[in-house]
Amino acid sequence: MPELLNLKQWQNQVRIALAHVPIITRIHALEAVNSTNDYARKLAQNGAPAGTLVIAREQSAGRGRLDRIWESPANLGLWFSLVLHPKISAQHSGLLGFLPAIALVEVLHQIYQITAGTKWPNDVWINRKKIAGILCESQVNARQVVFAVIGMGINIYQKLEDFPEFLRPRATSIQQSTPLRVDAFELLKQLLTLWGDLLWTLESGLTAMIIEHWKKHCVHMQQPIWITGGPEQFRGKFVDLSPDGAAIIENDHGERKRIFVGESILLEE
Ligand code: BTN
């Protein structure tokens, strides 16, 4: 657990860390909020520019995908949402959530030599446990993404006992994965810098590069998984990621399906 900062000191640290991160244009650094995604969506609806970041020390009603709760206690993690006006077609909006996941995996390796991986659709895992989740809420018209709010929760300093009991078998934190002291502000700075580079790659039309990056880090490529949380539930092998971000799953009869919504559960081989 890092030394405790008061609100002013924490806000200053956030601002100093992000002062030269090109993707960030505005910062709302809050003591507590229900959900940074809800706060950021309201800002976006009222015309907030791309690069508006909402970050809170604590969320009282942090939301995960598939209507789950996201535990967001004070001083133990990073809870934030970024407003984007990405210049991409609606067809590629499903790729937006891959960018922060790829960025986190790469930054963890660069700074702490931690081997993390991506798990479909938008999780980051270390040693078969989740360290980060991403919640993408986009407003799209027929052809284009009007705005996107990308929320990210990263478990940084939790010890096992800090997680509620039901999460302990499948949640972990970055600090549990390295003997080095994790600096949350430095991590945020590096992550958002790389996220900006990846967004530029996506906006330049180099979608195949994003797909390849994600696949390289995927923890379940060619592995048996259970697909759940969407319209269908079934067991299959994760064989590929399609150009629009759908999971391509092969069932036991060798038939392939494209899955757009849901979640993957790793199975023992
Ligand atoms: C998931 O894995 O289910 C997604 C979790 C996303 C959590 C983050 S924390 C910041 C932002 N605000 C929220 O209410 N949710 C996202």
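In case you missed it, the structure is sitting above this.
Residues numbered from 1 in each chain as written. Predicted model: local features only at pLDDT ≥ 70, side-chain atom pairs only at ≥ 80, totals over all residues. Heavy atoms only, no water.

Draft legend 1. Broad picture of the overall build of the protein. Within the protein one finds five helices and twelve strands. The C-alpha radius of gyration computed for the protein amounts to 18 Å, which stays within 12% of the reference 18 Å derived for 269 residues, consistent with globular compactness. Projected onto the principal axes, the alpha-carbon positions of the protein cover approximately 60 × 45 × 30 Å. Of the contacts made within the protein by residues no fewer than 6 positions apart, 64% connect residues no fewer than 24 positions apart. Total accessible area on the protein stands at roughly 12,800 Å², and carbon and sulfur atoms take up 51% of it. In the protein, 27 side chains carry a positive charge and 26 a negative one; their mean positions are 3 Å apart. (Helix = DSSP H or I, 4+ residues; strand = E, 2+ residues; numbered from the N terminus. Rg over C-alpha atoms; globule rule 2.2 N^0.38 Å. Contact = heavy atoms within 4.5 Å. Areas by Shrake-Rupley, 256 points an atom, 1.4 Å probe, with all protein chains shown as cover. Lys, Arg positive; Asp, Glu negative; His and termini not counted. Charge placed at Lys NZ, Arg CZ, Asp CG, Glu CD.)

Draft legend 2. Structural context of the packing of helix α1 (residues 7–18) against helix α4 (residues 184–203). Where α1 contacts α4, the axes come no closer than 9 Å and their chain directions differ by 35°. Seen along the crossing, α1 lies across α4 with a hand that is right-handed. Of the residues in α4, those touching α1 at Trp 10, Gln 13, Val 14, Ala 17 and Leu 18 are Phe 185, Leu 188, Lys 189 and Leu 192. A breakdown of the residues in the contact of α1 with α4 according to their chemical character gives seven nonpolar, one polar and one charged. (Axes fitted to C-alpha atoms, helices over the stretch in contact; angles between N-to-C directions. Left-handed = near helix turned anticlockwise from the far one by under 90°. Nonpolar A, V, L, I, M, F, W, Y, C, P; charged D, E, K, R; others polar.)

Draft legend 3. Seen up close, a nonpolar patch on the surface. On the surface, Leu 66, Phe 260 and Val 261 cluster together to form a nonpolar patch covering roughly 270 Å² of accessible area. If you trace the backbone, Phe 260 turns up in the loop between β11 (256–259) and β12 (263–266). Among the residues examined, Phe 260 registers a relative accessible area of 52% and is labelled exposed. (Patch = residues over 30% accessible without salt bridge, like charges linked within 9 Å, V, L, I, M, F, W, Y side chains within 5 Å. Salt bridge = Lys/Arg side-chain N within 4 Å of Asp/Glu carboxyl O. Buried < 20%, exposed > 50% of the residue type's maximum accessible area, 1.4 Å probe, protein only.)

Draft legend 4. View of the site of the ligand. The full set close to the ligand counts 19 residues, and Ser 35, Gln 59, Arg 63, Arg 65 and Lys 130 are the nearest of them. Take Arg 63: an N or O atom from its main chain is 2.7 Å from a nitrogen atom of the ligand. Here Arg 65 contributes a backbone N or O atom positioned 2.6 Å from an oxygen atom of the ligand. Alone, the ligand offers 410 Å² of accessible surface; in the complex the protein occludes 98% of this. Secondary structure elements with two or more residues in the shell around the ligand: α2 (36–45), β3 (77–84), β6 (129–140) and β7 (145–155). In terms of residue class, the shell around the ligand is made up of five nonpolar, ten polar and four charged. (Near = heavy atom within 4 Å. Polar contact = N/O pair within 3.5 Å; in protein donor to acceptor, adjacent residues only side chain to side chain.)

Draft legend 5. A look at the side chain of Glu 106. When you line up the elements, Glu 106 lands in helix α3 (residues 98–112). Here Glu 106 is buried and forms no salt bridge, its nearest opposite-charge partner Lys 216 lying at an N-O distance of 4.3 Å. Side chain to side chain, Glu 106 and His 217 meet in a polar contact 2.7 Å long. Sequence-distant contacts of Glu 106, that is, excluding residues within four places in its chain, are made with Leu 194, His 213, Lys 216 and His 217.

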